[in-house]
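Remarks on the overall topology
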Amino acid sequence: MSEHLMVFPDRDDADRIAEDLRDEGFTEVRVVREALAGEDDSEDHEWAVHVTEEMVADESGAVANGLRERFAKLAEDHDGWYDPEPRA
């Protein structure tokens with residue numbers, strides 16, 4: 001299993017990216033409001049796309065690494081950021 005978290009300032013971007021990933025067949029894709037450290041105002045919360053892919057058996061393998069690179073680039077392209085260890 002492989003988990004990924006991309007965080008975006010814009011909800012429309014998060015929703016569109018999540019929909020595209022679902023269409024591609026990813027196992028589980030969720031959009032959630034992400035409260036980041038130091039943010040008290042709910043207006044400051046960003047939008048996170050959490051992806052869980054059951055079909056990736058080795059998190060250190062080429063497929064998982066390729067997904068990390070792809071999701072990091074996707075987040076960067078939309079003024080967001082990628083968390084390589086969402087469970088940490």
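The structure under discussion appears in the preceding block.
Thresholds applied
- Residues numbered from 1 in each chain as written.
- Predicted model: local features only at pLDDT ≥ 70, side-chain atom pairs only at ≥ 80, totals over all residues.
- Heavy atoms only, no water.
- Helix = DSSP H or I, 4+ residues; strand = E, 2+ residues; numbered from the N terminus.
- Expected span 1.5 Å × (residues − 1).
- Buried < 20%, exposed > 50% of the residue type's maximum accessible area, 1.4 Å probe, protein only.
- Arc of directions from axis to C-beta.
- Contact = heavy atoms within 4.5 Å.
- Salt bridge = Lys/Arg side-chain N within 4 Å of Asp/Glu carboxyl O.
- Pairing = 2+ DSSP bridges.
- Polar contact = N/O pair within 3.5 Å; in protein donor to acceptor, adjacent residues only side chain to side chain.
- Phe/Tyr/Trp six-rings, centres within 6.5 Å; stacked < 30°, edge-to-face > 60°.

The end-to-end C-alpha distance of helix H2 (residues 62-77) is 22 Å, a good match for the 22 Å that 16 residues give at a rise of 1.5 Å each. All buried positions along H2 are accounted for by Ala64, Leu67, Arg68, Phe71 and Ala75. Seen end-on, H2 carries its buried residues on one side only, within an arc spanning 100 degrees. Away from its buried face, by an angle of more than 90 degrees, H2 presents the exposed residues Ala62, Glu69 and Glu76. Elements in contact with the buried residues of H2: strand S1 (2-8), helix H1 (11-24), strand S3 (46-53) and strand S4 (81-83). Downstream of H2 by a residue or two, Asp79 has a phi angle that is positive, lying close to 60 degrees.

A few words now on the pattern of salt bridges. Here the structure, examined in full by the defined rule, presents five salt bridges. Lys73 serves as the salt-bridge partner of Asp77, at 2.8 Å between the closest nitrogen and oxygen. Remark: Lys73 and Asp77 occur in helix H2; sequence separation between them is four residues, near one turn of the helix. For Lys73, a relative accessible area of 44% translates into the label partly exposed.

Moving on, we get to the pairing of S1. Extensive coverage of S1 is indicated by the burial of seven of its seven residues. Alternating residues of S1 divide into Ser2, His4, Met6 and Phe8 and Glu3, Leu5 and Val7, and every residue in both groups is buried. Pairing of S1 with S3, which is carried by seven bridges, proceeds in the antiparallel orientation. Residue pairing in the sheet places Ser2 in a bridge with Glu53 of S3. Relative to S4, S1 runs antiparallel, the two being bridged by three bridges. Paired with Leu5 across the strands is Asp83, a residue of S4.

This paragraph deals with the side chain of His4. You can see His4 is positioned in strand S1. Residue His4 is classed as buried on the basis of its relative accessible area of 0%. Side chain to side chain, His4 and Tyr82 meet in a polar contact 2.6 Å long. Ignoring sequence-local partners within four residues, the contact set of His4 consists of Val49, His50, Val51, Ala64, Leu67, Arg68, Phe71, Tyr82 and Pro86.

Under the defined criterion, the tally for this structure stands at one aromatic pair. Between Phe26 and Phe71, the ring centres sit 5.8 Å apart and the planes meet at 55 degrees, which makes this aromatic pair tilted. Within this pair, whereas Phe26 is found in the loop between H1 and strand S2 (28-34), its partner Phe71 is found in helix H2, the two being separated by 45 residues in sequence. Note on Phe71: relative accessible area 0%, which makes it buried.

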